[in-house]
Amino acid sequence: MSSLNNFTPTGMTQQEEVLSVRSQAESLREETEAALHGARPAAARETLKDVGLRVGSIITLVLVWWVMSLFFPPTLIPKPWETFGEVAAIVTTGHFFVEMGSTLRRVLVGFGIAMVVSIPLGILMGTLRSLESFFEPLVILGLTMPGLIWAVLMIMFFGLTETSAYAAVAVTIFPMLAISIWQGAKSIDKDLIDMSNVFHASAWSKVIDVILPQLVSHILAAIRYGLGLAWKVVVVVEMFGFSNGVGYQVVRGFNVFSMKTVLAWAITFLVVMIVIEFGFIGWLERSVTRWRPRVEAWRR
Amino acid sequence: MVFVQVERAVKFFPREDGSYMLVLNGVSFETKEQGITCLLGPSGCGKSTLLNVIAGLERVDQGRVEIVSNHNELGTRPPQLGYVFQDPRLLNWKRVEDNLNFALKGMAIPRAAWDDRLNKYLEMVGLLEFRKQYPLYLSGGMRQRVGLARALVIEPDILLMDEPYSKLDQLTARKLREDTLEICARLKQSTLLVTHDVEEAAYMGDRIVIFSARPAQIVEVLDNPFSPLARDLDDVRFIQFKKQLLQTVLNLVKEKEEA
């Protein structure tokens, strides 16, 4: 210690050095305290501002709609509040829940089937060269096929049954899910696979404990895209001649040329989608990524 | 006791252009039945490849790599190996305790024994209070300790360590070396430690196997004159031993270059 005491690489005298270190420590302590006290309110302000901006964007949209409605007859662009009144009527009569229920069921069943098939296939394609070569052209072909054509094909094949709705949804979104998971599976960490081999992990444990968790962000992205695509297909299928569901209601509105009805159903539809997106998928994402500290890449 | 026997091991790696690169050029040695055997050699000489062969991740092209038990301790079961990697290779989405459970599950250790094992080995590496934590919330040194606990918790016949301290800062590495030495002295299983650090080999190795540059050949095997707990980094005689070892390694490198 004694030899280190006289060792001052900065060339300052010992006393100056001690003082400078002390003042550095002081300012560090102040910074830390400021950070500790400031952190929470700043974060809260940030979320409040976020919410404000989000609400603002919706209000702007309604305002633009209202201005446009001043220049067009109500049969072409109805007033926003009249449309909202129609929405309220649909919802309060309970009509909405029956129709939306049918549509949701078709989406979820089709989506579930596609998910159950695409996760194992995607993993196999990403980890086995021969399966990748075999399925790649098929998946790409499937991806290029328009959903509308799948819908027509399925209705021609299964008739106007629930099965054709499920099948159309499943077949349309399946290639997209498979591609997403396949690409994810190609980038899994070889070192972790070696590790699980060293500890004699079973094939099942490798899938559940090692591979699937690495695919979480790919699967979440696939769920988001897949649901978005599923809504579009299911409405088309319902328009073709189903007697219930949101798509059918939209066609009915079209047949009597009621812009208000068409818009009202579209709005209810959007609201349900947003609830699922921000509520359910957001919750799912938070709960499966709790192990990961939040990255704040752009904070100075 | 159980130990590793390597006899005239030869290993080639295929190159991109179709030719082959010789990695292990007839390597033979035995690990100590109790205590740490250090494989010391320059980076990229094939030490880690040899460790992977012992772990069963790769095969030798010629020769023999065997895990031997001279009193039939293993019976008919396959030997169990604990592996500590250079990067901890933890499952970051699992809590510390579940990372250990992952190894216990793979080794088919009855579930009833898991909790006692967890407590014992997490305590040994000093992480008992962090058992519910996720790895990414721990420091690098602590993550490496989790890796060590995961290798120990299966109570392996052989413990393999591949440069486990090379990514840690000096002070953390020093503390972890001390702790590992103490744990290994207590548990007494045959341990293999790969390193390119002469000082680390002198401090950790009960037996030091010196490798040449690639293709790896063994140029010298020596037993550490200091017992594990008598290795004082500041002791003059120990520093002398370190210097000698370093000189030996440097001379070997020079001879190799001249040849």
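Conventions we followed
All residue numbers refer to positions counted from 1 along the written sequence of the respective chain. Here every chain gets a letter starting at A, and every ligand a number starting at 1, in the order they are written. Local features in this predicted model are restricted to residues of pLDDT 70 or higher, and side-chain atom pairs are both shown and tallied only at a pLDDT of 80 or more, whereas totals for entire chains, interfaces and linings draw on every residue. Strands here are runs of E lasting at least two residues and helices are runs of H or I lasting at least four, both read from the DSSP assignment and numbered beginning at the N terminus. In this setup the radius of gyration rests on C-alpha atoms only. A globule is expected at 2.2 Å times the number of residues raised to 0.38. To sort residues by exposure, count the other C-beta atoms lying within 10 Å of each residue's C-beta; 20 or more gives buried, 12 or fewer gives exposed, and values between give partly exposed, all with C-beta atoms placed from the backbone. It is the C-beta atoms, placed from the backbone, that decide contacts: two residues are in contact if theirs lie within 7 Å. Two strands qualify as a pair provided that DSSP identifies no fewer than 2 bridges between them. Amino acids outside the nonpolar list (Ala, Val, Leu, Ile, Met, Phe, Trp, Tyr, Cys, Pro) and the charged list (Asp, Glu, Lys, Arg) are all regarded as polar, and Gly is one of them. For helices, the fitted axis covers only the stretch in contact; all axes are lines through C-alpha atoms, and the angles between them, taken along N-to-C directions, range from 0 to 180 degrees. In plain words, the nonpolar core is the set of buried Ala, Val, Leu, Ile, Met, Phe, Trp, Tyr and Cys residues that C-beta atoms within 7 Å link up. Angle categories: roughly parallel below 35 degrees, roughly antiparallel above 145, roughly perpendicular from 65 to 115, and oblique for all the rest. Left-handed is the label given to a crossing in which the near helix is rotated counterclockwise from the far helix by less than a right angle, and right-handed is the label when the rotation is clockwise.

(A) Molecular detail of the overall build of chain B. The number of helices and strands found in chain B is seven helices and nine strands. On C-alpha atoms alone, chain B measures out to a radius of gyration of 19 Å, which is about the 18 Å that the 2.2 N^0.38 rule sets for 259 residues. C-alpha atoms of chain B, sized along the principal axes, occupy 55 × 45 × 40 Å. Taking all 259 residues of chain B together, 41% fall into the buried category. In chain B, of all internal contacts separated by at least 6 residues, the share reaching a separation of at least 24 is 74%.

(B) Seen up close, the pairing of strand S2 (residues 20–30) of chain B. Bridge analysis of strand S1 (residues 2–14) of chain B against S2(B) gives eight bridges, and the strand direction is antiparallel. Looking at S2(B), one finds that Phe12(B) is bridged to Leu22(B).

(C) Geometry of helix H11 (residues 246–255) of chain A. All names here are of chain A. For H11, every residue scored as buried is listed here: Val246, Gly247, Tyr248, Gln249 and Val250. On its buried face, H11 is in contact with helix H4 (95–127), helix H10 (216–239) and helix H12 (259–288). Immediately downstream of H11, the backbone of Phe257 shows phi near 50 degrees, a positive value.

(D) Representation of the interface of chain B and chain A in the model. The interface of chain B with chain A comprises 18 residues on the first partner and 16 residues on the second. At the level of secondary structure, the elements contributing two or more residues to the side of chain B that touches chain A comprise strand S5 (81–84) and helix H2 (96–106) of chain B. Sorting elements by how many residues they give to the side of chain B that touches chain A places H2(B) first, with four residues. Within the side of chain B that touches chain A, the residues separate by chemical class into 13 nonpolar, two polar and three charged.

(E) Structural view of the sheet that holds strand S4 (residues 62–69) of chain B. Residue and element names in this part refer to chain B. Taken in spatial order, the three strands of this open sheet run S2-S1-S4, and their pairing is antiparallel. A single partner strand is all that each edge strand has here, and the edge strands are S2 and S4. Each adjacent strand pair in this sheet contributes to an overall mean axis angle of 20 degrees, direction not counted. As defined by bridge partners, S1 adjoins S4 across seven bridges and the pair is classed as antiparallel. Bridge assignment links Gln5 to a residue of S4, and that residue is Glu66.

(F) Expanded view of the nonpolar core. Ala168(A), Val169(A), Ala149(B) and Leu192(B) are the most contacted members of the largest nonpolar core, which has 117 residues in total. No other element matches helix H7 (residues 162–186) of chain A, which puts 15 residues into this core. Beyond its immediate stretch of four places on either side in the chain, Leu192(B) contacts Val4(B), Thr31(B), Thr37(B), Leu39(B), Leu51(B), Ile54(B), Ile158(B), Leu160(B) and Met161(B).

(G) Fine view of the packing of H2(B) against helix H3 (residues 114–124) of chain B. All names here are of chain B. Packing of H2 against H3 brings their axes to within 11 Å, and their N-to-C directions diverge by 125 degrees. It follows from the interaxial angle that H2 and H3 lie oblique. Pair H2 / H3 crosses with right-handed handedness. In this structure, H2 uses Glu97, Leu100, Asn101 and Leu104 to contact H3, whose residues at the interface are Trp114, Arg117 and Leu118.

(H) Region of the structure containing the packing of H11(A) against H12(A). Residue and element names in this part refer to chain A. Packing of H11 against H12 brings their axes to within 8 Å, and their N-to-C directions diverge by 160 degrees. As the angle between them shows, H11 and H12 are arranged roughly antiparallel. For the element pair H11 and H12, the recorded crossing hand is left-handed. Contacts between H11 and H12 involve Val246, Gln249, Val250, Gly253 and Phe254 on the former and, on the latter, Thr261, Val262, Trp265 and Phe269.

(I) Looking closely at the sheet that holds strand S8 (residues 207–211) of chain B. Residue and element names in this part refer to chain B. Read across the sheet, six strands follow the order S5-S6-S7-S3-S8-S9 without closing on themselves; strand pairing throughout is mixed. One side of each edge strand has no neighbouring strand; the edge strands of this open sheet are S5 and strand S9 (218–223). When the angles between neighbouring strand axes are averaged without regard to direction, this sheet yields 15 degrees. Pairing between strand S3 (residues 35–40) and S8: four bridges, direction parallel. From the neighbouring strand, Thr37 faces S8, where its bridge partner is Arg207.

(J) View of the pairing of S3(B). All names here are of chain B. Most of S3 sits out of view: six of its six residues are buried. Sheet topology note: the S3/strand S7 (residues 190–195) ladder contains six bridges and is parallel. When the bridges of S7 are listed, Leu40 appears paired with Thr195.

(K) Seen up close, unusual backbone geometry. Residue and element names in this part refer to chain B. Here the phi dihedral of Ala108 falls at roughly 55 degrees; this positive angle occurs in a residue that is not glycine. Structurally, the position occupied by Ala108 is in the loop between H2 and H3. A positive phi is found at Glu155, a non-glycine position, where the angle reads about 45 degrees. Summarising the element assignment, Glu155 is placed in the loop between helix H4 (140–153) and strand S6 (158–162).

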